[in-house]
Amino acid sequence: MATQLLFRDDAYMRSASARVLAADERGIELDRTIFYPLGGGQAGDTGNLLRANGERIPIADTRKGEVLDSVLHVPAPGMQRPEPGEPVTLEIDWERRYRLMRLHTALHVMSCVIVAPVTGGNISPDKARLDFDIDMSLLDAGNIERETNALIARGVETETVWITDEELDARPELVKTMSVQPPRGAGRVRLLRIPGIDLQPCGGTHVKNIAEIGGIRVLKIRSEGRRNRRVEIALAS
Ligand SMILES: [Zn+2]
C-alpha cells in the first residue's frame, strides 16, 4: 500500500498524525509518514508510534515495502501490533535524523570536490562515506576537507526539483552514481539542487541551508578493491 511521504516535502517534521493501514510481522504500514525508509545509502529512521491509549511502540528501523512509496515501520521486538484503522502519533528520533540530513547533504557537497564517478555510498548517524572510481594519488584528505568546508561556508539554500524520466534521460550527466540509478517508474524523478554547487537525482532528506552542516572532517581514505577508493567523513561538531 502506498504511503504519503511527508518527509519528501518537509524533512523537518518531527511528529505527525497518521492512521494504520496494516500491521504484520514485516512491519506497520501507515497512510502517511515522516519516517524515511532505508534507501540511497541513508539509514532508515527510528522513533516511536504513540497509540491513542498512550502505549508507545518503539520503531527500530524503517524499510521500503514491496510497492512504490510503501513504507514498513519495523517495531522493536515483542511489541503489540496496532490495529488497521487505528490513529497513531508519529515521532522520529530527530537528533539522529538531523545528523543523517547534515551528513547526507555534506556528501552532495563533497561529491563536487572529488570529480570522479561515484560507485557507492552510505550514511549512518555518526559517519558517511562515498566510494569513487579514482586514482589514490588524486585524493588528499586535507584538500578534500578544506575545499568541502569552503563550499559549505557559502551557506546556500538547497532546492528540491522534479523532472520527468524523459528529461533525465536527456541529461545523463546528472547521474554521478554509477551503481545506483535513480528510481524510475513514477514518471518523475526528484533532484536536489545546491545552487552553484551540485544538481543530482536524490530521494533522501537534506538540510535547508548547507550552512547547517557546520563543517566536515575526513576520517579516512582507503582502497576498497581495484577501482574503489573510499572517503569517510564525520561532522566537524
Ligand atoms: Zn541526497
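Numbering of residues starts from 1 in each chain and follows the order in which that chain's sequence is written. The predicted origin of the model limits local features to residues at a pLDDT of at least 70 and limits the giving and counting of side-chain atom pairs to 80 or more, whereas totals for whole chains, interfaces and linings rest on all residues. Side-chain calculation: all heavy atoms of the structure are included, whereas hydrogens and water are not.

Undergrad: Would you mind going over helix α2 (residues 94-110) with me for this structure?
TA: An α-helical turn contains 3.6 residues, so a residue and the one three or four places further along point in the same direction. Here a helix means four or more residues in a row that DSSP labels H or I, a strand means two or more in a row labelled E, and each is numbered from the N terminus. A helix is expected to span 1.5 Å for every residue after the first. The terminal C-alpha atoms of α2, which comprises 17 residues, lie 24 Å apart, in line with the 24 Å expected from a rise of 1.5 Å per residue. Only protein chains enter the accessibility calculation, which uses a 1.4 Å probe. A residue is then buried if its area is under 20% of the maximum for its type, exposed if over 50%, and partly exposed in between. Counting buried positions along α2 gives 14 out of 17 residues, so the element sits mostly inside the fold. Two to three positions downstream of the cap, the backbone nitrogen of Glu 95 sits 3.5 Å from a side-chain oxygen, assigning the N-cap of α2 to Asp 93. Pairs of N or O atoms within 3.5 Å make up the polar contacts considered here, provided that, within protein, one atom can donate a hydrogen while the other can accept it, and that residues adjacent in sequence are counted only when both atoms are side-chain atoms.

Undergrad: Honestly, the sheet that holds strand β14 (residues 216-223) in this entry has me stumped. Any pointers?
TA: Within a sheet, neighbouring strands are paired by backbone hydrogen bonds and run either parallel or antiparallel to one another. Only when DSSP finds a minimum of two bridges between them are two strands counted as paired. Taken together, the four strands give an open sheet; going across it, the order is β9-β10-β15-β14, and neighbouring strands pair in antiparallel fashion. A strand with exactly one partner marks an edge of an open sheet, and here the two such strands are β9 (118-123) and β14. Pairs of neighbouring strands in the sheet enclose a mean axial angle of 15°, with direction left out of account. Examined bridge by bridge, strand β10 (residues 128-133) and strand β15 (residues 228-235) share six bridges and lie antiparallel to one another. For helices, the fitted line uses only the C-alpha atoms of the stretch in contact; every axis is such a line through C-alpha atoms, and the angle between N-to-C directions lies from 0 to 180 degrees.

Undergrad: Just to check I follow, could you spell out the side chain of Thr 205 for this structure?
TA: The residue Thr 205 is located in the loop between β13 (198-201) and β14 in this model. For Thr 205, a relative accessible area of 0% puts it in the buried group. Polar side-chain contacts of Thr 205 include one of 2.8 Å to the side chain of Gln 42. Any two residues whose heavy atoms approach within 4.5 Å at even a single point are treated as in contact. Every residue in contact with Thr 205, bar those within four places of it in the chain, is listed here: Phe 7, Ala 11, Tyr 36, Gln 42, Arg 97, Met 101, His 104 and Thr 105.

Undergrad: Even after reading the chapter, I still don't get the layout of surface pockets, so can you show me in this structure?
TA: It is a probe the size of a water molecule, rolled over the atoms, that shows where empty space is left. Cavity: a set of points on a 1 Å grid over the protein atoms alone where a 1.4 Å probe fits but cannot get out. Pocket: an open set with protein on both sides within 12 Å along at least five of seven lines, its lining residues, like those of a cavity, having an atom within 4 Å of a point. Grid points are joined across faces, edges and corners, and a volume is the space filled by probe spheres set on the points. As a volume, the second largest pocket reaches approximately 220 Å³. Where the lining of the second largest pocket is concerned, the elements lending two or more residues are α1 (6-9), β11 (159-164) and β12 (188-194). Broken down by class, the residue content of the lining of the second largest pocket amounts to six nonpolar, three polar and six charged. When residues are sorted by character, Ala, Val, Leu, Ile, Met, Phe, Trp, Tyr, Cys and Pro go into the nonpolar class, Asp, Glu, Lys and Arg into the charged class, and all the rest, Gly among them, into the polar class.

Undergrad: Sorry, what's going on with the coordination of the zinc ion here?
TA: Where a metal carries four tetrahedral donors, each ideal angle is 109.5 degrees; where it carries six octahedral donors, the ideal angles are 90 or 180 degrees. Around the zinc ion, the protein contributes the donor atoms His 104 (NE2), His 108 (NE2), Cys 202 (SG) and His 206 (NE2), which lie 2.0 to 2.1 Å from the metal centre. Only nitrogen, oxygen and sulfur atoms qualify as donors, provided they sit within 2.8 Å of the metal or within 3.2 Å for Na, K and Ca; with water excluded from the atoms, sites may seem incomplete. A four-donor site is called tetrahedral if each angle lies between 85 and 135 degrees; a four-donor site is square planar, and a six-donor site octahedral, when trans pairs exceed 155 degrees and the remaining angles lie between 65 and 115; all other cases are labelled irregular. Seen from the zinc ion, its four donor atoms lie at angles of 101 to 123°, and the figure they make is tetrahedral. Read from N- to C-terminus, the donor residues coordinating the zinc ion fall into the pattern H-x3-H-x93-C-x3-H. One end of the pair is His 104 and the other is His 108, both in helix α2 and four residues apart, which spans about a single turn. Residue classification places His 108 among the buried residues on the basis of a relative accessible area of 5%.

Undergrad: Which parts of the structure should I look at to understand the packing of aromatic side chains?
TA: Geometry of an aromatic ring pair is reported as the spacing of the ring centres plus the angle between the planes. Within 6.5 Å between ring centres, the rings of Phe, Tyr and Trp (the latter by its six-membered ring) count as paired, and their orientation is classed by plane angle as stacked under 30 degrees, edge-to-face over 60, tilted in between. Following the criterion strictly, the structure yields four aromatic pairs and no others. When the ring of Tyr 12 is compared with that of Trp 94, the centres are 5.7 Å apart and the planes differ by 45°; the resulting orientation is tilted. Here Trp 94 lies in helix α2 and Tyr 12 lies in the loop between α1 and β2 (15-24), a separation of 82 residues in the sequence. Take Tyr 12 and Trp 94: they sit in the same class, and that class is buried. Three or more aromatic residues link up through ring pairs in this structure, and these residues are Tyr 12, Trp 94 and Tyr 98.

Undergrad: Explain the sheet that holds β13 here, please?
TA: Taken in spatial order, the three strands line up as β11-β12-β13 in an open sheet, and their pairing is antiparallel. Unpaired on one side and paired on the other, β11 and β13 mark the two borders of the sheet. Recorded for the sheet is a direction-independent mean angle of 25° between the axes of neighbouring strands. Of the strand pairs in this sheet, β12 and β13 are connected by four bridges, and their pairing is antiparallel. Bridged to Ile 194 within β13 is Asp 198. Strands β12 and β13 of the sheet are contacted by α2, whose axis makes an angle of about 80° with β12.

Undergrad: Looking at this structure, I do not really get the pattern of salt bridges. What am I missing?
TA: Pairing is possible between side chains of opposite charge, provided their charged atoms come close. For this document, the term salt bridge refers to a Lys or Arg side-chain nitrogen within 4 Å of an Asp or Glu carboxyl oxygen. For the structure on display, the rule yields 15 salt bridges. As a salt-bridge pair, Arg 97 and Asp 45 come within 2.8 Å of each other at their nearest N and O atoms. Separated by 52 residues along the polypeptide, Arg 97 in helix α2 and Asp 45 in the loop between β4 (32-33) and β5 (47-51) bring together distant segments of the chain. Accessibility classification places Arg 97 together with Asp 45 in one group, the buried group. Arg 227 is paired through a salt bridge with Asp 133; the nearest N and O atoms lie 2.6 Å apart. Within this pair, whereas Arg 227 is found in the loop between β14 and β15, its partner Asp 133 is found in strand β10, the two being separated by 94 residues in sequence.

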